[in-house]
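If you want the building blocks of each chain, they are given just below.
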Amino acid sequence: MTEDTKQKEIRLKKELAKVKTQNANETRKITKNRDFSIGGLPPDTTHKPMRASTDVPDVILPPQKRRGKKENIPF
């Protein structure tokens, strides 16, 4: 029985993939995580009080955009 080159190529690719997965499973190193610190916020954060209305400086805002009095007619 002779194989086409296409079938042989597919078979060899499958074998190569199987060997690669076996090698990857054998060479994988499992390391334990020994960091038992409590996760979450970093230790350098501090409580920041909310701003009162007197803390905000006076700001002159531009006038608000007025709505057009015409209907929204696309043409």
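Residues numbered from 1 in each chain as written. Predicted model: local features only at pLDDT ≥ 70, side-chain atom pairs only at ≥ 80, totals over all residues. Heavy atoms only, no water.

A. Molecular detail of the overall build of the protein chain. A count of helices and strands for the protein chain gives one helix and zero strands. Scored against the burial criterion, the 75 residues of the protein chain give a buried share of 0%. About 9300 Å² of surface is accessible on the protein chain, with carbon and sulfur atoms providing 56% of the total. (Helix = DSSP H or I, 4+ residues; strand = E, 2+ residues; numbered from the N terminus. Buried < 20%, exposed > 50% of the residue type's maximum accessible area, 1.4 Å probe, protein only. Areas by Shrake-Rupley, 256 points an atom, 1.4 Å probe, with all protein chains shown as cover.)

B. Inspection of the pattern of salt bridges at higher detail. The final tally for this structure, using the stated rule, is two salt bridges. A salt bridge links Lys13 to Glu9, with the shortest nitrogen-to-oxygen separation between them at 3.7 Å. A residue pair is termed a helical-turn pair when its members lie 3 or 4 positions apart in one helix, as Lys13 and Glu9 do in helix α1 (residues 5-27) at four residues. According to the relative accessible area criterion, Glu9 is partly exposed, its value standing at 42%. Close ionic contact of Arg11 with Glu15 constitutes a salt bridge, the shortest N to O distance being 3.0 Å. With a gap of four residues between them, Arg11 and Glu15 both fall in helix α1, about one helical turn apart. Judged by its relative accessible area of 33%, Arg11 is partly exposed. (Salt bridge = Lys/Arg side-chain N within 4 Å of Asp/Glu carboxyl O.)

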